[in-house]
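Descriptive analysis of the structure
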Amino acid sequence: MRQDKPHLILVDGSGYIFRAFHALPPMTRPDGVPVNAVFGFTSMLGNFLTKHAGSHIAVVFDRSRVTFRNQIYADYKAHRPEPPPELVPQFALIREATAAFGVACLELENYEADDLIAAYAKAFSAEGGQVTVVSSDKDLMQLVGPNVQLLDPIKQKPIREPEVFEKFGVTPDKVVEVQALAGDSTDNVPGVPGIGLKTAAQLIQEYGDLENLLACAGQIKQPKRRESLQNFAEQARISRQLVLLDADAPLPRPIDELLAQPPEPGKLAIFLRDQGFRSLLHRMGLEGDSGAPATSQPRHAPAILAQAEPVGAPPEDAPAFGPYETVTDLDTLNRWVEEARAAGTVALDTETDSLDALHARLVGISLAIAPGRACYIPLAHGPKPGNGDMLEAAPVAPVQIPLREALSALQPLLEDPGTLKVLHNAKYDLEVLGRPQAEGANSGIEVSPVDDTMLISYSMDAGRHGHGMDELSLRHLGHSPIPYDQVTGTGRNRVPFSQVDLEKATAYAAEDADVTLRLWQMLKPRLRSDKALALYEQIERRMIGVLKQMEMEGIRVDGVELARIGEDFSQRMVTLEQKIHELAGRPFNVGSPKQLGEILFDEMKLPGGKRGKAGAWGTDAAVLEDLSARGHELPKTVLHWRQLSKLKSTYVEGLAAQLDPRDGRVHTDFSMAITSTGRLSSTEPNLQNIPIRTEEGVRIRRAFVASPGHVLLAADYSQIELRLLAHLADVPSLRDAFAKDEDIHSRTAADIFKLEPDKVDREARRRAKTINFGIIYGMSAFGLAARLGIGPGEAKGIIDAYFAQYPGIRAEMERLKEEARINGFVLTPFGRKLWIDGITSKDMSRRGNAERAAINAPFQGGAAEIIKRAMVRMPKALKDAGLDAKMLLQVHDELLFEVPQGQLTATSAVVKQVMESVAELRVPLRAEIGHGANWAEAH
DNA sequence: TACATCACG
DNA sequence: GACGTACGTGATGTAC
């Protein structure tokens, strides 16, 4: 959006009023007039005006409840309640407030605000202007276009075509067609029964619009859907009329009258004072201003409009995101390669046919050399599928450089030590490009050196927001890249990227490289000023290669054994299910917590039932164990059934489905930038939550086996988070216990229960262990009582004794909460910033959650850092020792290796040495090593 | 798709 | 005096 074009801002007044009224507690003026909505509205509008400016501006209001839509459909918005009586007298004041800001009010009898917005947007853009509608109302999304955007007033986020597509699954011009089908319960728009947003989008994508769909309704395969469309055709047409905004509504005021007025601080000050809004007077810097017309240059007046910048627009001089070049001949490719080399930095992105890097086939590569200067090199685009028409010519693949020639031309660049390759989530692309050519389309290229914008962002902003490219682009560049779904379609209509036509593919793929480059230019320099450069360079960036190797290695799983376990579990579940039905007195779905709750608490009238927020009975393990302990057979049997059910579906079946037939191994995908604490996470499959705590679970773990001639070696950090507690809070007794390698929970028990070391029994140790862990989770007396099954008074006594014994810990907990409150983040012992969301929230519950997260983050995050340090050092340490062990998995405080049998002793020593020496704390680090033929034995 | 549940550290 | 009550993940099944 350009500054030089006229720009109209239309504020949806109803949305502001509604939010203001409900967000604020009742407030009254001295004379008793309620003003909470006036206050909120004034505050929000003032705030908005300091941030945004247009050449024209207006606030649009609804005039009356009854509009022309009620003639079409009497029930339209019929179930909307009357506005609350306290709100009614505030409407007039809100219009006064708008006028006091020098902003025009628009409203018109018989029309909704949305129609006026549509009409002004149409008129204004027809004259070549840009329009921003301040509202997140989905009914306005139909207006979005090249010259019209919405702005979400809460998230301050522009809503453009990609966001509309995300919401409705179609482009803005088709939104009314989708709404006509899906209806809208909040506005009483009936739509077609049985058709929701998803189905509607699918149908419109296929048939184009409502009329065409209704004409073709007979061809719909699903019988229910077909009948529904046929029976409710008229209702759909009415719905369409209801949601279609009337862009031809009369304009109550000519556009010229919406010209943004220079502010009149005096007028605004008078209004604020009349309402008694002293805090707003103060905030807007109008205090002390007697209300006299502002002839002297008032220092605050320009603050309202002057410092404004266009909404969500990129900097004036930023090049556009496209058009980009499609590279289909070798000469052109070579020119790009040369240019990239000369630039010294090139952003790179691969397009494939799968999210799974180990199976994905390379489809194309995009490069970006400077902002706005990017290209797409299609490599394996196939023909678009024909429509089956025999008369049509056989579809042909588009012209592109033969894969091997293109890769040969690219390889020297990608491996050139003098050219930095910038990627977003580099691990994925490196795995795709690094796979050997023998496997088909891929290339055996070792891309280096590499920067990763996802990890740069994560190194500075973990916990603050996500780190996906689209989110970062919007946040840092003010630009929404084309959504992947818009390129390939969704659901049944999705096509592989290799079948996307080159024009679309280029617009999408080259844009991603362009965005990556711009993000790099923006974020990389921040690393130094944010003191995150060392973390990024020495830990996160080096983790890319380490995890890549681990993922590609995978771990062997005995599929036959898995099948045997599944068979056994199935049989036992059948027996248990019969018993459960007998005990219940009738058959029901044991897997349904809802049905189980009704059996236990409604029918059998067992005590201790609690309803959750949805009103359903809680039946989780804690509840069932409690009932079981009271001697009830049914909950006990259900617990057993649930355990088998979980193990069977998640681990036996889930894991078997992930077994790679090519090598008999499972390959996880470690996510490097998901957690708020610096930990990794693991998906598809998650190998960080393989069972171990029960005998049944151990059987699953036994199916993780070493290759022939190898053993599995597991190395666990011992009590790493409690060691960090002893270190951070500098607790003499705990430090002493760790220094002497004593049992830490027994030491705690002796300290807080004042026992001689040899008098600590199992119960005392158990309690001490619970509280030790509870402390690093920020637990309360209530929580401890629940965990220990004791009264809150007793629990409080234990906590008091704990803090009396370890005063440094209480101080550390308070310090962490304060650190989070002041900075918005806490630091791990190694300096990683972990942002804590909600720490200043007024909502007590939310703030409580944030405070506990702040307490826990340095411990969890510190531990994550320590094991990452060990992981980046490990490959070289093993290699230097001449060892062939492969690191396979990381499970937060454990590393799992596959070791040639003859190298077990030497490998154990190296692993232990590396793990214990990566950090110098006030307590020693300790790693415990085990080995065996399978993962269970290795522990 | 939201929720409940439960697997792990 | 009420509020809510242990941190961080991911996968699955049910029910809307």
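Refer to the structure above for everything that follows.
Bear in mind the structure is a predicted one, so any value in this text is a computation, not a measurement.

1. Describing the layout of surface pockets
In this model, the largest pocket occupies a volume close to 1,600 Å³. Lining the largest pocket are 48 residues; nearest its centre among them are Ile692, Arg693, Asp716, Val891 and Asp893. Sorting the residues of the lining of the largest pocket by element identifies helix H26 (633–658), helix H27 (695–702), strand S18 (710–717), helix H28 (720–728), helix H30 (744–752), helix H31 (762–776) and helix H35 (844–880) as the ones contributing at least two each. When its residues are assigned to classes, the lining of the largest pocket shows 16 nonpolar, 14 polar and 18 charged.

2. Things to note about the protein's contact with DNA strand C
In the neighbourhood of DNA strand C, 34 residues make up the surrounding shell, with Ser592, Ser681, Tyr777, Arg787 and Met844 lying closest. A share of 61% is what sugar and phosphate atoms reach among the atoms of DNA strand C within 4 Å of the protein. Between DNA strand C and Ser676, the relevant distance is 3.2 Å, taken from a phosphate oxygen to a main-chain nitrogen or oxygen of the residue. Between DNA strand C and Arg787, the relevant distance is 2.5 Å, taken from a base nitrogen to a side-chain nitrogen or oxygen of the residue. Going through the elements one at a time, helix H24 (593–603), H26, strand S16 (681–683), H31, helix H32 (781–788) and H35 are the ones with two or more residues in the surface near DNA strand C. Take the surface near DNA strand C: its biggest share by element is six residues, from H35. Residue composition of the surface near DNA strand C, grouped by class: seven nonpolar, 21 polar and six charged.

3. Points about the packing of aromatic side chains
A full pass over the atoms with the stated rule returns 13 aromatic pairs. Between Phe41 and Phe61, the ring centres sit 6.2 Å apart and the planes meet at 35°, which makes this aromatic pair tilted. With a gap of 20 residues between them, Phe41 in helix H2 (residues 36–51) and Phe61 in the loop between strand S2 (56–60) and helix H3 (68–72) connect regions that are remote in the sequence. Note on accessibility: Phe41 and Phe61 belong to one class, buried. An aromatic cluster is built from Tyr376, Tyr484, Phe497 and Tyr508, whose rings are joined through pairwise contacts. In this structure, Arg701 is placed above the aromatic ring of Trp935, and the distance from its NZ or CZ to the ring centre is 4.1 Å. A cation over a ring is seen here: Lys833 above Phe825, with NZ or CZ 5.0 Å from the ring centre.

Reading guide: rules and limits
Residues numbered from 1 in each chain as written. Chains lettered and ligands numbered in written order. Predicted model: local features only at pLDDT ≥ 70, side-chain atom pairs only at ≥ 80, totals over all residues. Heavy atoms only, no water. 1 Å grid on protein atoms, 1.4 Å probe; cavity = no way out; pocket = protein on both sides within 12 Å on 5 of 7 lines; lining within 4 Å. Points joined across faces, edges and corners; volume = space filled by probe spheres on them. Helix = DSSP H or I, 4+ residues; strand = E, 2+ residues; numbered from the N terminus. Nonpolar A, V, L, I, M, F, W, Y, C, P; charged D, E, K, R; others polar. Near = heavy atom within 4 Å. Polar contact = N/O pair within 3.5 Å; in protein donor to acceptor, adjacent residues only side chain to side chain. Phe/Tyr/Trp six-rings, centres within 6.5 Å; stacked < 30°, edge-to-face > 60°. Buried < 20%, exposed > 50% of the residue type's maximum accessible area, 1.4 Å probe, protein only. Lys NZ or Arg CZ within 6 Å of the ring centre and 35° of its normal.

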